[in-house]
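# What the coordinates show
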Amino acid sequence: MPADRLLATVLRAYQDTPNPTETDKILATTTALLTNLNNPLNLSLLTSHFLTARSIWLAPDGLRTCLRVMSIYNTAAIHVRKNELQNVNAPRGVPLVGSGVNSEDWARAVAKGADEKSSRWQHVLVLTGILMGMEGDDRRSLSWSLRSTLEQAVVTAANLALEDHIRTGPLGRGAVVLALTYAFPLMSQSVKQHLHGNVLLPAIVEAMLGDEGFQHGDFISSITRDIAPGRIISWRPDSPSVARISNLESRPLAQNMGPVARLAAFAVQHAADPNIVLQAHEELLGFTAGLLDKWTHCPLSIVDLSVESAALSPDALKGPHPMLWQLLKKIMFTVVAILQPIVGRSLLDPFMRNDVLAPTMAAKTLHTLRNLSFISTRQGAGAFQVYEFTYLTSLDIITRYPDACVSYLQDTQPPSPQNGNAVPSPSIQALTLFYLNIAEHLPLSLPTPAAETLIITPATAYLSPTTSWLSSPANNPPSSLTLQLFESAHACVLSVLSCPQHSPLAAQLIPFYIDVLLSSFPSRISPRQFRLAFRTVMQITSPPYPISATHPELSETLLEMLRFRALDASTDPLLDLNEKSAATSKEETPAVSEQTALVLALIDALPYLPPHVLEEWLTRAAETMHAIADPPLREVARRRFWDVLVSGEMDVERGAVGVAWWGTHGGREMVLFGQPRGHGAEFLMSGALLTQQEDQGRTSSRL
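Because the structure is predicted, anything quoted here is derived from the model rather than measured.

The rules behind the values
- For every chain, the first residue of its written sequence is number 1, and the numbers climb from 1 along that sequence.
- Selection of residues for local features in this predicted model requires a pLDDT of at least 70, selection of side-chain atom pairs for listing and counting requires 80 or more, and totals for whole chains, interfaces and linings are taken over all residues.
- Based on all heavy atoms of the structure, the side-chain values leave hydrogens and waters out of the count.
- Helix and strand assignments follow DSSP, with helices taken as H or I runs no shorter than four residues and strands as E runs no shorter than two, numbered in order from the N terminus.
- Atoms counted for the radius of gyration: C-alpha only. Globule rule: 2.2 Å times the number of residues to the power 0.38.
- Accessibility here uses a 1.4 Å probe with only protein chains present; expressed as a share of the type maximum, an area under 20% marks a residue as buried, one over 50% as exposed, and anything in between as partly exposed.
- Throughout, a contact is declared for two residues whenever any of their heavy atoms are within 4.5 Å.
- To measure how exposed things are, a 1.4 Å probe is used in the Shrake-Rupley method; for residues, cover is taken only from the protein chains shown.
- Residues scored as charged are limited to Lys and Arg (positive) and Asp and Glu (negative), so that His and the chain ends carry no count.
- Note that the charge is assigned to NZ on lysines, CZ on arginines, CG on aspartates and CD on glutamates.
- Definition of nonpolar core: a set of buried residues of the types Ala, Val, Leu, Ile, Met, Phe, Trp, Tyr and Cys, connected through side-chain atoms within 4.5 Å.
- The quantity called pLDDT is the predictor's confidence in a given residue, expressed from 0 to 100.
- Salt bridge, as used here: a side-chain nitrogen of Lys or Arg that lies within 4 Å of a carboxyl oxygen of Asp or Glu.
- Axes, fitted as lines to C-alpha atoms, cover a helix only where it is in contact. Angles between the N-to-C directions of the axes lie from 0 to 180 degrees.
- Note on convention: near helix rotated counterclockwise from far helix by under a right angle means a left-handed crossing. Clockwise means right-handed.
- Just so you know the grouping, Ala, Val, Leu, Ile, Met, Phe, Trp, Tyr, Cys and Pro go in nonpolar, Asp, Glu, Lys and Arg go in charged, and all remaining residues, Gly too, go in polar.
- Oblique is the label for any angle not covered by the other classes, which are roughly parallel (under 35 degrees), roughly antiparallel (over 145) and roughly perpendicular (65 to 115).
- Aromatic contacts are taken between Phe, Tyr and Trp rings whose centres are within 6.5 Å, Trp giving its six-membered ring; a plane angle under 30 degrees counts as stacked, one over 60 as edge-to-face, and the others as tilted.
- To sit over a ring, a charge needs its Lys NZ or Arg CZ within 6 Å of the ring centre and within 35 degrees of the ring normal.
- What a helix is expected to span follows from its residue count: subtract one and scale by 1.5 Å.

## Observations concerning the overall build of the protein
Assigned secondary structure in the protein consists of 37 helices and 0 strands. A compact globule built from 703 residues would reach a C-alpha radius of gyration of about 27 Å, whereas the protein, at 36 Å, exceeds it by more than 25%. Each of the 703 residues in the protein was classed as buried or not, and the buried ones make up 52%. If you take every contact in the protein between residues at least 6 apart in sequence, the share linking residues at least 24 apart comes to 76%. When the accessible surface of the protein is split by element, carbon and sulfur atoms take 55% of a total near 32000 Å². Side-chain charges in the protein split into 53 positive and 64 negative, and the spacing between the mean points of these groups amounts to 9 Å.

Structural data, given as structure tokens:
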């Protein structure tokens, strides 16, 4: 059919009622006409009528229709440019391919069709499609001036559309956001600066959280309705909730969340009104709070990662369950990617970094990350750079404000573990782990009573075997967060002990903690963790910490406890508590026994002892080392002993004691050859009187 007759047919079809089958044909015909019409006026006419077509816009399929509109003009522009290049290189006399209209004339003609009869947000779709087709993938089809004009037209149309809330509406704002995610990488920096962040940022957040995005997390509620109760959780792949998640994932904006987050970061940085950024920050907090609430009411939230294969039906494990977690991770990545520039701006913007807003923003950011903890703690999903920056920067800010630290910990303090076999849900475990990880960084900012109430009390509840569900028979197999919770509880206690301002608390706590530490090893903590914890405690009980003056005997008491435990400890090689650390340890260090680990912990503590008792404990450590029967394991301890003496871990005064002990007080013989203390000499009480013969003999032997 000739192009003119086809044009007339399509213009009549535009006025028909919407019909999905006919709509596909209309869109395909429109693409063909845009490629083959040789009259620029007809191109303008076609575009003008297309943007007001009743069959297209009366009942659009959300942003899918908007994406198809951009695709039409993108495809047409690519073909026009391709035909132009073929016609230029074609021999004379060969018929022209396509319409024969060159790229610049075609772009101008189509752009003129975006007139006052249609909405501004529809203009953004057309202009973006032209820009993508002509300039995408480094095609460079337009002159510099026309490309610059086209870029400016996209920005101007986007700004005008977003500023007109009445005519634009939610679909229009979502369409502008979608179009900008494709046009933004093609724009020059000077043109990008003209985007109005004050109207762009709210539109992005609205589109991201709305029906075309993450749907405010309502898809979780639909899962709750579809899951059948029973010992095995059944979630059928053909259920409505699975169809809803699939539909959500297939939506254009949901598939494009990476570019959406980058566009949001730009809007955060360039929004002139800081209150717009604060509003976006608040909306993200509200969204994640609702997401967490919906998840805690979902039956899937009670299934731990360690028992999923037994608790979920095979159909759920193969399809819906992985798809759900993929979506949840996408939500976390997107939210954190938008939080990062907000936190970054709070460091530089004078309006945000004052003493009123700074702690509030930091606390809200941490609340938002806490709401996502059920996602970020699953298989290390939160271990990426953007998350770490957002998390640690917010911690750095809030630690400057003691009242804000106390308030945050009070608001998020987890419930105390109940006696018995009740294991909390994975969501509660994730929230508790997040709390302990936060609390580990805050002791320096808290007064001692608050540190005891908000850090020590929750942490010790997870250390004591009598009150913690971690060692309960019901926690078998152990939950996926068992080891992390136990380690975080230890870290919290050590962080409080390490603060000089909490020395009165440390004096009361250290005996209990060492008892817990010794009872937990080696069943619940690894040799490396045990050595690190014991070394830290020994450092705390030594100068210049105040506790070394108030309780000078404490460090030797702790070493005596360790030494007596080492003498009767097991000599069987230990297996690491998780496969990953086991693989690492096999590559880096040989396996050690319980006895060897205790001896190594004793040797690690030597650099922190007071100088006047150091020589005695060098001797005792050497004797304990030779109690290790296995030669290879004893060699590991011997090498560590040498390392402590020569590596500079001791200060000058302690180093001098170590040198004297090694050279003239028998240390060399004890370490290398295992000779007992005082080998070849008798033990004498200090101040005893000797006979003249004995005194001469001792004098000659010293020479």
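## As for the environment of Val659
Mapped onto the elements, Val659 comes out in helix H35 (residues 652–663). Note: C-alpha distance between Val659 and Glu615 (44 residues apart in sequence) is 10.0 Å.

## Notes on the nonpolar core
For soluble globular proteins, the rule of thumb is that nonpolar side chains tend to be buried together. Counting residues in each nonpolar core, the largest one holds 224 residues, and the members touching the most others are Trp106 and Leu606. With 11 residues, helix H19 (residues 320–348) is the single largest residue contributor to this core. Filtering out sequence-adjacent residues up to four positions away, Leu606 remains in contact with Leu614, Trp617, Leu618, Ala621, Phe641, Val644 and Met650.

## Quick word on the confidence of the model for the protein
Here the protein averages 88 in pLDDT, while 93% of its residues score no lower than 70. Taking the mean pLDDT of every element in the protein, the minimum, 41, falls on helix H31 (residues 579–588) and the maximum, 97, on helix H20 (residues 357–371).

## A word on the pattern of salt bridges
Where charged atoms from two side chains of opposite charge come close, those side chains can pair. Taken as a whole and assessed by the stated rule, the structure comprises 30 salt bridges. Of the charged contacts, one joins Asp238 and Arg236 as a salt bridge, the two residues approaching to 2.8 Å between their closest N and O atoms. For the pair Asp238 and Arg236, a shared accessibility class is recorded, and that class is exposed. For Arg565, the salt bridge goes to Glu594, with nearest N and O atoms at 2.8 Å. Placement of Arg565 in helix H30 (residues 554–567) and of Glu594 in helix H32 (residues 594–604) is noted, with a sequence separation of 29 residues between them. Assessed through its relative accessible area of 22%, Arg565 is described here as partly exposed. A residue is classified by how much of its surface remains accessible, and Glu594, at 11% relative accessible area, is buried.

## Things to note about the environment of Leu606
Here Leu606 shows up in the loop between H32 and helix H33 (611–625). Taking the C-alpha atoms as reference, Leu606 lies 21 Å from Phe521; in sequence the two are 85 residues apart.

## Observations regarding the side chain of Ser346
Mapped onto the elements, Ser346 comes out in helix H19. Setting aside residues no more than four positions away along its own chain, Ser346 makes contact with Met352, Arg353, Met361 and Ile397.

## Some thoughts on the packing of helix H1 (residues 3–13) against helix H2 (residues 20–36)
H2 packs onto H1 with a crossing angle of 145° between their chain directions and a minimal axis gap of 10 Å. In this structure, H1 meets H2 at a crossing whose hand is left-handed. Residue-level inspection shows Ala3, Leu6, Leu7, Val10 and Ala13 of H1 in contact with H2, the latter providing Ile26, Thr29, Thr30 and Leu33. Residue classes in the contact of H1 with H2 are distributed as 7 nonpolar, 2 polar and no charged.

## Section: the packing of H32 against helix H34 (residues 631–646)
At a minimum axis separation of 10 Å, H32 and H34 run at an interaxial angle of 10°. Of the possible angle classes, the one that applies to H32 and H34 is roughly parallel. When H32 is examined against H34, the residues Thr596, Val599, Leu600, Ile603 and Asp604 are found in contact with a partner set consisting of Leu633, Val636, Ala637, Arg640, Phe641 and Val644. Across the contact of H32 with H34, the residue classes break down as 8 nonpolar, 1 polar and 2 charged.

## Regarding the packing of aromatic side chains
A complete count under the given rule lists 15 aromatic pairs for this structure. Look at Phe214 and Phe287: their rings are 6.4 Å apart centre to centre, the planes differ by 15°, and that puts the pair in the stacked class. Here Phe214, found in the loop between helix H11 (197–209) and helix H12 (218–226), pairs with Phe287, found in helix H16 (residues 274–296); they are 73 residues apart in sequence, far enough to count as distant. Judged by relative accessible area, which is 0%, Phe214 ranks as buried. We classify Phe287 as buried; its relative accessible area is 4%. Ring centres of Phe530 and Phe534 lie 6.2 Å apart, and the angle between their planes is 25°; on these two criteria the pair is classed as stacked. Here Phe534 and Phe530 lie together in helix H28 (residues 527–540), a separation of 4 residues that amounts to about one turn. A residue is classified by how much of its surface remains accessible, and Phe534, at 1% relative accessible area, is buried. Each residue in the set Phe333, Phe384, Tyr387, Tyr391 and Phe434 is aromatic and connected to the rest through ring pairs, giving one cluster. Between Arg563 and the ring centre of Phe564, over which it is positioned, the NZ or CZ distance is 5.0 Å.

## Observations regarding helix H24 (residues 426–439)
Given a rise of 1.5 Å per residue, 14 residues ought to cover 20 Å, and the 20 Å separating the end C-alpha atoms of H24 matches this to within 8%. Across the 14 residues of H24, 12 count as buried, placing the element largely inside the fold. Along H24, the positions that sit buried rather than exposed are Pro426, Ser427, Gln429, Ala430, Leu431, Thr432, Leu433, Phe434, Tyr435, Leu436, Ile438 and Ala439.

## Brief notes about unusual backbone geometry
Cis geometry marks the peptide bond from Phe521 to Pro522; its omega dihedral reads 5°. By secondary structure assignment, the location of Pro522 is in the loop between helix H27 (503–520) and H28. Across the junction of Pro543 and Pro544, the peptide omega takes the value 10°, indicating a cis bond. Turning to its location among the elements, Pro544 is positioned in the loop between H28 and helix H29 (547–550). Even without glycine at this site, Asp138 takes up a positive phi of about 60°. One non-glycine residue, Arg140, lies in positive phi territory at about 55°. If you trace the backbone, Arg140 turns up in the loop between helix H7 (120–135) and helix H8 (144–163).

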